[in-house]
Amino acid sequence: MKLSRRHTLASLAAITLLTTPALAQETIRVGLPTKTYWPTTVAETAVRQKLFEKEGIKAELTIYRSGAETFEGMAAGAADIILDPPSLVSAGRKKGVMSKIVAKATMGNFGWQLMVPTKSTLDVKGLNGKKVAITAAGSGSDILALWTIQDQKIDFTRVPVGGGGLVPNLLAGNVDAAVVYSPLSFQISKSGEAKSILDYAKAVPPNLTSGWIVLDKFAQEKPAMVQKALNALYGAVAFMRANKDATVKLIADLYEMPAEIAALEYENTIMKLETDGNMAAPKVTEAVQLSLDLAKLGGLKDVLPAAEVMSTQFKPVPTKP
């Protein structure tokens, strides 16, 4: 996806306003943590299947370099709805950025791997005193790195390089290891360039690892917009689950990777996404609390209780293509 999408959509919106003012649609600005990551696949599917349009709104997608940068974008008023971990909501509220998780997205770190170059002899314990790449401080990759430090009783330097910098810095030897998300983790493993020394999907207890988030003010002032956006996003998840070939092709095209890697992403990540998003569903509060507890274990300070970072105001009703 090109970042010029914002300008294209802005132009289309301007044309709509000029030609059919009565039919002008509001625009929801969707913030995505990094390009080669499943939230981008979901949002792109919703756009291409015209699910936002069917809800009577337009979507403007903006891709950031990390989850932390995405959250900052929302805090600065540049995004209306974003995908991030509960820990950022907690940290944000402590600093006056009042937002909440309005829909659950993932209950595990699917596809996330702690990886080293193939020729490396290091195991997890061997990373003590070494350098490990993350996307940014406070991001999902940082939480996993901090969790590793606490769980393995080791210490290493966390090096923020942005989502697009994880693999290049790992393969160039600028860092000793990297916390890599899928499908990049599948891609460099399949190519033989790197290997996994820790599978976070198996190592970390199941918890709410990410959700769709909006500012409290936006939810209060435009609840219908939030509902429509969630309907479209979960409609996209339903479409992807029902259309494997089309989704694998989209992943391959979006991220310029072989179909076999895209298929791994489909089976190991897309098919494990939450399908309804309902925050009022059984055991969701416990899953959010566990996520926050893990973040606290990783070293985050003054973590808020689950009830203060989540909202049960919305229940996504997946839009049908």
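For the structure, check the block above.
Anyway, here's the lowdown on the structure attached to this text. (Residues numbered from 1 in each chain as written. Predicted model: local features only at pLDDT ≥ 70, side-chain atom pairs only at ≥ 80, totals over all residues. Heavy atoms only, no water.)

## Observations concerning the overall build of the protein chain
Applied cut-off: Each helix is a run of H or I in the DSSP string that is no shorter than four residues. Each strand is a run of E no shorter than two, and both are numbered from the N terminus. The atom set for the radius of gyration is the C-alpha atoms, and the globule formula is 2.2 Å times the number of residues raised to the power 0.38. The classification of residues rests on relative accessible area computed with a 1.4 Å probe and restricted to protein chains. Under 20% of the type maximum is buried, over 50% is exposed, and intermediate values are partly exposed.
Scanning the protein chain from terminus to terminus reveals 14 helices and 10 strands. The globule rule puts the C-alpha radius of gyration for 321 residues at 20 Å, and the 19 Å found for the protein chain is close to it. Along the longest, intermediate and shortest principal axes, the C-alpha atoms of the protein chain span 65 × 45 × 35 Å. For the protein chain, with 321 residues in total, the buried portion stands at 55%.

## A look at helix H12 (residues 244-255)
To be explicit about the condition: What a helix should span is 1.5 Å times the count of its residues minus one. For this analysis, residues touch if any pair of their heavy atoms sits within 4.5 Å.
An ideal rise of 1.5 Å per residue puts 16 Å on 12 residues; H12 measures up with 16 Å between its terminal C-alpha atoms. By the burial criterion, the buried members of H12 are Thr247, Val248, Leu250, Ile251, Ala252, Leu254 and Tyr255. The secondary structure elements touched by the buried residues of H12 are helix H2 (38-48), helix H11 (223-242) and helix H13 (259-268). Of the residues one or two after H12, glutamate 256 is the one with positive phi, at around 50°.

## Here we look at the nonpolar core
Cut-off, in case you're wondering: Buried Ala, Val, Leu, Ile, Met, Phe, Trp, Tyr and Cys residues form a nonpolar core when they are joined through side-chain atoms within 4.5 Å.
In terms of nonpolar packing, the biggest core is built from 78 residues, with Ile28, Phe52, Leu114, Val179, Tyr200, Trp212 and Leu230 touching the most fellow members. Among the elements that make up this core, the one with the highest residue count is H11 (10 residues). If sequence neighbours within four positions are ignored, valine 179 has contacts with Trp112, Gln113, Leu114, Val132, Ala133, Ile134, Ser141, Leu144, Ala145, Leu166 and Tyr200. By size, the runner-up hydrophobic cluster in this structure holds 21 residues, among which are Ala79, Val97, Ile101 and Leu292.

## Focus on the sheet that holds strand E6 (residues 131-134)
For clarity, the threshold we go by: Pairing between strands is defined by DSSP: at least two bridges between them are needed. As a rule, the C-alpha atoms of each element are fitted with a line to give its axis, helices using only the stretch in contact, and angles between N-to-C directions run from 0 to 180 degrees.
Read across the open sheet, the five strands follow the order E7-E6-E8-E5-E9; overall the sheet is mixed. Every other strand in the sheet has two partners, leaving strand E7 (157-160) and strand E9 (194-199) as the edge strands with one partner each. Taking the axes of each pair of neighbouring strands and ignoring which way they run, one obtains an average angle of 30° across the sheet. Judged from the four bridges that link them, E6 and E7 form a sheet pairing that is parallel. Residue pairing for E7: alanine 133 is matched across the bridge by valine 159. Here helix H6 (residues 140-152) sits on the sheet in contact with strand E5 (113-117), E6, E7, strand E8 (177-180) and E9, set at roughly 170° to E7.

## A closer look at the sheet that holds strand E3 (residues 81-84)
Read from one edge to the other, the open sheet built from five strands follows the order E2-E1-E3-E10-E4, with strand pairing classed as mixed. Each end of this open sheet is capped by a strand with a single partner; those strands are strand E2 (57-63) and strand E4 (99-106). Along the sheet, successive strands turn relative to each other by an average axial angle of 25°, direction set aside. Note that strand E1 (residues 26-32) and E3 share two bridges and pair parallel. Opposite valine 30, over in E3, you have isoleucine 81 as the bridge partner. In the packing of H2 onto the sheet, the strands contacted are E1, E2, E3, E4 and strand E10 (210-215), and the crossing angle to E2 comes to about 150°.

## A look at the environment of alanine 68
Here alanine 68 is to be found in helix H4 (residues 67-75). Sequence separation between alanine 68 and aspartate 293 is 225 residues, and the spatial gap between their C-alpha atoms is 19 Å. If near-sequence neighbours (up to four positions away) are discounted, alanine 68 is found in contact with Asp84, Leu88, Ala136, Ala137, Gly138 and Ser139.

## So, the pattern of salt bridges
So the rule is basically this: By convention in these notes, a salt bridge is any Lys or Arg side-chain nitrogen within 4 Å of a carboxyl oxygen on Asp or Glu.
Tallying each qualifying case throughout the model produces 11 salt bridges. A salt bridge links arginine 158 to aspartate 142; the shortest N-O distance between them is 2.5 Å. Here the residue arginine 158 occupies a position in strand E7, and aspartate 142 occupies one in helix H6, the gap between them amounting to 16 residues. Among the ionic pairs, lysine 244 bridges to glutamate 267, the shortest N-O distance being 2.9 Å. Remark: glutamate 267 occurs in helix H13 and lysine 244 occurs in helix H12; sequence separation between them is 23 residues. Lysine 244 sits in the partly exposed class, given a relative accessible area of 36%.

## Overview of the packing of aromatic side chains
Cut-off, in case you're wondering: The rule is short: rings of Phe, Tyr and Trp, with Trp giving its six-membered ring, pair when the centres are within 6.5 Å, and they are stacked under 30 degrees, edge-to-face over 60, tilted in between.
Using the criterion set out here, one finds five aromatic pairs in the structure. Through successive ring pairs, a cluster of aromatic residues spans Tyr37, Trp38, Trp112 and Tyr181.

## A short note on the pairing of E6
Look at any regular strand and the pattern is simple: side chains alternate between the two faces of the sheet. The criterion, for reference: We call a crossover right-handed when, viewed with both strands directed away from the observer, the connection leading from the first strand over the helix to the second proceeds clockwise.
One crossover worth recording links E6 to the parallel E7 by way of H6, and it is right-handed. Across two bridges, E6 lies against E8 in parallel orientation. Bridge pairing links valine 132 to alanine 177 in E8.

## Describing H6
Counted at 1.5 Å a residue, the expected span for H6 with its 13 residues is 18 Å, and the 18 Å between its end C-alpha atoms agrees. Across the 13 residues that make up H6, a large majority, 10, are buried. Where H6 is concerned, the buried positions are Ser141, Asp142, Ile143, Leu144, Ala145, Leu146, Trp147, Thr148, Ile149 and Gln152. The positive-phi residue at the C-terminal boundary of H6 is lysine 153, with phi of around 55°.

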